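Chain residues, written in single-letter form:
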Amino acid sequence: MANDADSICHSFLDNLYFIQARFPNVATRNDYYLALAWTIRDRLLRRWIDTASTYYKGACRSVCYLSAEYLPGPHLRNAILSQDIEVQVRKALSGMGLDFDILADQELEPGLGNGGLGRLAACYLDSLATLEIPCIAYGIRYEFGIFEQDIRKGRQTERTDKWLRLGNAWEIPRPEIAFEVGFGGHTERYRDGSGQQKVRWVPGYMVKGVAYDSPIPGYKVATVNLLRLWSAEACESFDFSVFNQGNYQQAVEEKIISETISKVLYPNDEPIQGQQLRLQQQYFFASCSMQDMIRIFLQQKGRIEELASKFAIQLNDTHPTLAVAELMRLLVDVHGLGWDAAWKLVTRMFGYTNHTLLPEALETWPVDLITPLLPRHLEIIYEINYRFLGEVRARWPNDTARVARMSLIDETGGRKLRMAHLATIASHTINGVAELHSRLLRESVLRDFAELYPDRFTNVTNGITPRRFVALANPGLAALITETIGDGWLRDLEMLRELEPLAESAEFRDAWRDVKLGNKRRLAQYVSKREHAVVDPHTMFDMQVKRFHEYKRQHLNILHLISRYLKLKEDPGLDLPARTWFFGGKAAPGYFLAKQMIELVLGVARVINQDRSVRERMQVVFLPNFNVKHAEIIYPAADLSEQISTAGKEASGTGNMKFALNGALTLGTLDGANIEIRDAVGPENFFHFGLTENRIAEMRAAGCRPRDHYETDPDLQAALDAIAADHFSDGETGRFKALLDTLLGDDPYFVLADFRTYVDCQRRVDDAWQHEDDWIRMSILNTARCGRFSSDRAIREYCERIWDVERIQVPMSTQES
């Protein structure tokens, strides 16, 4: 299929007529977008089929990537970039009087993730395809994704994310690839023909998982890998006999109950029904994926004993961990392997990436919830635990405390299954996602396991794809870099080092400054259109855009902002450069304090933005409904990136990398990947403040009194008193009492302890900003030295250290031109 403008135009009109059934006079913008999407997707199909054929013929080892979340962002622009056909597409559309940018903006992005976990998975899929690594990624096709965030009366409200409502041209339904998934019921013991004792699970009811496939193209290569998402359906969607009896609702009851499993991303798990649904989701996804993996293997006439030679399975956090028990069930109960042979296969295949150090984020499931839902799997987990604890007791005789700590079952406060423990003992390799995080995993969260299996632990620092977050998000910067050093940097990000000497070139700094100002003007136009606010692109754009959580400490940023405002009110002559603060991100619907933090941002913004006396020096903007599409506008416009989490709490972060790669300077703690960014760009190009993880541990052990900081720091006291006095409460008395009580009570994330060093660091930022040429020089060096934070580097490390998979080159079709 040719890629010249005339051929694209012809395909576009064919798709408009024959798929959308529209002619130009009556076609809507969405009709045009879908016609374009079909046109571009069709050009990927040849590569997709060639990729699958190459993998099948070569019987090569593939990565089986399991993730409950994916945030791929809009597909269209990425598919066009991967094929390097944007010029031809624009020409074809222009010839028909259509605007490419308007049509591309019509695409609704898949809301299949909550934040960094899903976006990281999408970056890794992009790199796997670009590096020509065989991969099948598995997940859930949520009908409704992460909620849409609205701001009403100064509060976050949640709206259903109906991302499929206008159609999805990027998926291919595979109704013939479907698996039955059981729940409930009971198990039976019996002896097979050779007298061996076996176990048979007799489920109480079944659900069907149907595959939906999406292409994941590599950049300028023929490889197109597969993202396979599972949708839940009823095995029998309509009971005709019940319908004929007049019970119309009961006739479709099974369909409604079954489809609930893939209805929504992360249902509220506060009620028991929500917990059960989340557990059902996790098992449904794991079972479909493991059954499909074995189907593909047997399709190639393989012997089940050789399964590990075909697949390397990666658990992206603990959500898919039931795949361990499910694969054991399939190998032992269905395919007849002995326990030891099956466990050997499992531990050769699984790898586990841990993404959190927060105790509340380490998944556990009540045994009482698992028992009626997955009785066979609980038996398997008990057997795994029995054998594993035997190994622990042999190594540490009479150490009952250690046995209790390492058991898969937490016996304290109600029996619970520890998913991180199951993932750890089933995996040949466990990795953290930043050097500090990996060290803390070994020293704290999984210390006992690291002592038992020291060789299993490693680190792979997260990475981001420069295709999405520079080439697509920041075309002005991409063009400047390519004009300067060529386009090889998009496949080898370390080439950005060639920009370093140009930081001393006045001409190059001027060009860099112009690109940054253009990006800030683009964001200003977006804010004007969406939020009806006017921002000055010549002010410093100070950004903290990420999921709202206490450990990410948006409230520390707000406290400084309030303090700065009060000082300007007291002394308007203060030499403080003009700044515009941008906040964005969602709070989990049930996370009260995080939602209060958003309310405080909005309350402070309302007061400051309405105060004429500071309007030219301070402005605060909240950007609702942060997603990948919005991120592509936000990251390139940042001057300052606020990465201020409590040291030892952020596993890695990737927003810090996206900002730095786009030339923002980082103000941050020594937490997560901030440490490695600081090492890479140079301490002189990074604004560091705050307590270290070790110092926090010492203070926590010694006991600390947050109120001491309040009583000894007049600026902090003034800021907290202004909140307590309801200055930002919009007339609602005591609105932020719970937040204040937490800060002055136990302050678990050391906000008050870090306030003074944070304010002092902000003064250094002010001073640096007033030396514009030096700031631009530091901006260039940040970008030039961020090459190691490419997801391509991370995937190479996974391939070498964990997966043992190799590049398989797919020949480029001669039909493309």
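All values reported here derive from a predicted model rather than from experimental measurement. (Residues numbered from 1 in each chain as written. Predicted model: local features only at pLDDT ≥ 70, side-chain atom pairs only at ≥ 80, totals over all residues. Heavy atoms only, no water.)

### Considerations on the packing of helix H11 (residues 322-334) against helix H12 (residues 339-349)
The relative placement of two packed helices comes down to the angle between their axes together with the axis-to-axis distance. At their nearest, the axes of H11 and H12 sit 9 Å apart, and the two run at 140° to each other. As judged from the angle between their axes, H11 and H12 are oblique. The element H11 and its partner H12 pack so that their crossing is right-handed. Residue-level inspection shows Val324, Leu327, Met328, Leu331 and Val332 of H11 in contact with H12, the latter providing Trp339, Ala342, Trp343, Leu345, Val346 and Met349. (Axes fitted to C-alpha atoms, helices over the stretch in contact; angles between N-to-C directions. Helix = DSSP H or I, 4+ residues; strand = E, 2+ residues; numbered from the N terminus. Parallel < 35°, antiparallel > 145°, perpendicular 65-115°, else oblique. Left-handed = near helix turned anticlockwise from the far one by under 90°. Contact = heavy atoms within 4.5 Å.)

### Here's the deal with helix H23 (residues 592-609)
The terminal C-alpha atoms of H23 lie 26 Å apart, and with 18 residues this matches the ideal 26 Å at 1.5 Å per residue to within 8%. Burial analysis of H23 places 15 of its 18 residues in the buried class, which makes it a mostly covered element. (Expected span 1.5 Å × (residues − 1). Buried < 20%, exposed > 50% of the residue type's maximum accessible area, 1.4 Å probe, protein only.)

### Thoughts on the pairing of strand S11 (residues 350-353)
Along S11, one buried face is formed by Phe350 and Tyr352 and the opposite face, lined by Gly351 and Thr353, is buried too. Pairing of strand S10 (residues 311-316) with S11, which is carried by four bridges, proceeds in the parallel orientation. By the bridge assignment for S11, Leu315 is matched with Tyr352. Where S11 meets strand S15 (residues 429-432), three bridges bridge the pair, whose relative direction is parallel. Looking at S15, one finds that Tyr352 is bridged to Ile430. (Pairing = 2+ DSSP bridges.)

### Observations regarding the environment of Phe469
Assignment of secondary structure puts Phe469 in helix H19 (residues 466-472). Separated by 163 residues in sequence, Phe469 and Glu632 place their C-alpha atoms 6.6 Å apart.

### Concerning the sheet that holds S10
An order of S5-S8-S9-S2-S1-S10-S11-S15-S16 is seen for the nine strands of this open sheet, with the pairing classed as mixed. Each of the sheet's edge strands pairs with one partner strand only, and the pair in question is strand S5 (172-183) and strand S16 (457-459). With strand direction ignored, the average angle separating the axes of adjacent strands in the sheet is 25°. Two elements, strand S2 (residues 135-140) and strand S9 (residues 224-234), share five bridges in a ladder whose sense is parallel. Note on S9: the bridge partner recorded for Gly139 is Leu229.

### Some details on the pairing of S2
Across the six residues of S2, six count as buried, placing the element largely inside the fold. By the alternation rule, side chains of S2 split into Cys135, Ala137 and Gly139 and Ile136, Tyr138 and Ile140, which are all buried. In the sheet, strand S1 (residues 62-66) pairs with S2 via four bridges, with the strands oriented parallel. Across the sheet, Tyr65 pairs through a bridge with Ala137, a residue of S2.

### Notes on the nonpolar core
Grouped together as the largest cluster of nonpolar side chains are 149 residues, with contacts concentrated most on Tyr65, Met290, Leu307, Leu327 and Trp803. In terms of residue count, helix H10 (residues 272-299) provides more of this core than any other element does, twelve residues in total. Ignoring sequence-local partners within four residues, the contact set of Leu307 consists of Met293, Ile294, Phe297, Leu327, Leu331, Leu345 and Met349. (Core = buried A, V, L, I, M, F, W, Y, C linked by side-chain atoms within 4.5 Å.)

### Considerations on the sheet that holds strand S20 (residues 640-643)
The six strands are arranged S19-S18-S17-S20-S21-S22 in an open sheet whose pairing can be described as parallel. Each of the sheet's edge strands pairs with one partner strand only, and the pair in question is strand S19 (618-623) and strand S22 (686-688). Taking each pair of neighbouring strands and ignoring which way they run, the sheet shows an average axis angle of 20°. Strand direction decides the pairing type here: strand S21 (residues 665-668) and S22, joined by three bridges, are parallel. Residue Leu667 lies in a different strand from S22, and its bridge partner there is Phe687. Taken strand by strand, helix H31 (residues 751-769) contacts strand S17 (540-545), strand S18 (579-584), S20, S21 and S22, and its axis lies near 155° from that of S22. Sheet strands in contact with helix H32 (residues 772-784) are S20, S21 and S22, and its direction is about 85° off that of S21.

### Let's talk about the side chain of Thr356
Its place among the elements puts Thr356 in the loop between S11 and strand S12 (364-366). Judged by its relative accessible area of 9%, Thr356 falls in the buried class. In terms of polar contacts, Thr356 uses its side chain to reach the backbone amide nitrogen of Leu358, at 3.0 Å. Contacts of Thr356, omitting those with residues within four sequence positions, involve Ala361, Leu362, His437 and Ala651. (Polar contact = N/O pair within 3.5 Å; in protein donor to acceptor, adjacent residues only side chain to side chain.)

### Here we look at the side chain of Thr318
Turning to its location among the elements, Thr318 is positioned in the loop between S10 and H11. The exposure class assigned to Thr318 is buried, which follows from its relative accessible area of 2%. A polar atom in the side chain of Thr318 sits 3.0 Å from the side chain of Glu363. Not counting chain neighbours up to four residues away, the residues in contact with Thr318 comprise Tyr352, Glu363, Met419 and Ala420.

### Remarks on the packing of aromatic side chains
Two aromatic rings are characterised by how far apart their centres lie and by the angle between their planes. Per the stated rule, a full pass over the model turns up 19 aromatic pairs. Measuring from ring centre to ring centre gives 6.0 Å for Phe687 and Trp775, while their planes differ by 25°; the resulting arrangement is stacked. A residue pair is termed long-range when its members are at least 10 positions apart, and Phe687 in strand S22 and Trp775 in helix H32 qualify at 88 residues. Across this residue pair, the class does not change: Phe687 and Trp775 are buried. Of the aromatic side chains, those joined through ring pairs into one cluster are Phe183, Trp201, Tyr205 and Tyr283. (Phe/Tyr/Trp six-rings, centres within 6.5 Å; stacked < 30°, edge-to-face > 60°.)

### Overview of the packing of helix H21 (residues 506-531) against H32
Closest axis-to-axis distance for the H21/H32 pair is 10 Å, and the angle between their directions is 80°. Classified by the interaxial angle, the pair formed by H21 and H32 is roughly perpendicular. For the pair formed by H21 and H32, the contact residues are Phe508, Arg509, Trp512 and Arg513 on the first element and Glu772, Asp773, Ile776, Arg777, Ser779, Ile780 and Thr783 on the second.

### Comments concerning the environment of Tyr138
Among the secondary structure elements, Tyr138 is positioned in strand S2. On the accessibility criterion, Tyr138 (0% relative accessible area) is buried. The spatial distance from the C-alpha of Tyr138 to the C-alpha of Leu226 is 8.6 Å, given a sequence separation of 88 residues. Excluding residues within four positions of it along the chain, Tyr138 makes contact with Cys64, Tyr65, Leu66, Ser67, Tyr70, Arg228, Trp230, Phe285, Ser289, Asp292, Met293 and Ile296.

### Considering a nonpolar patch on the surface
A cluster of nonpolar side chains, contributed by Tyr17, Phe18, Ile19, Phe23 and Val26, occupies part of the molecular surface with about 520 Å² of accessible area. Mapped onto the secondary structure, Phe23 falls in the loop between helix H1 (5-18) and helix H2 (29-58). (Patch = residues over 30% accessible without salt bridge, like charges linked within 9 Å, V, L, I, M, F, W, Y side chains within 5 Å. Areas by Shrake-Rupley, 256 points an atom, 1.4 Å probe, with all protein chains shown as cover. Salt bridge = Lys/Arg side-chain N within 4 Å of Asp/Glu carboxyl O.)

### Description of the pattern of salt bridges
The final tally for this structure, using the stated rule, is 72 salt bridges. In this structure, Asp766 and Arg564 form a salt bridge, with 3.0 Å as the shortest nitrogen-oxygen distance. Within this pair, whereas Asp766 is found in helix H31, its partner Arg564 is found in helix H22 (residues 554-570), the two being separated by 202 residues in sequence. The shortest N-O distance in the salt bridge between Arg695 and Glu698 comes to 3.3 Å. Here Arg695 and its partner Glu698 are both found in helix H27 (residues 693-702), three residues apart, which amounts to about one turn of the helix. Residue classification places Glu698 among the partly exposed positions, given a relative accessible area of 48%. Several salt bridges share partner residues, and in doing so they unite Asp399, Arg402, Arg405, Arg447, Asp448 and Glu451 into one network.

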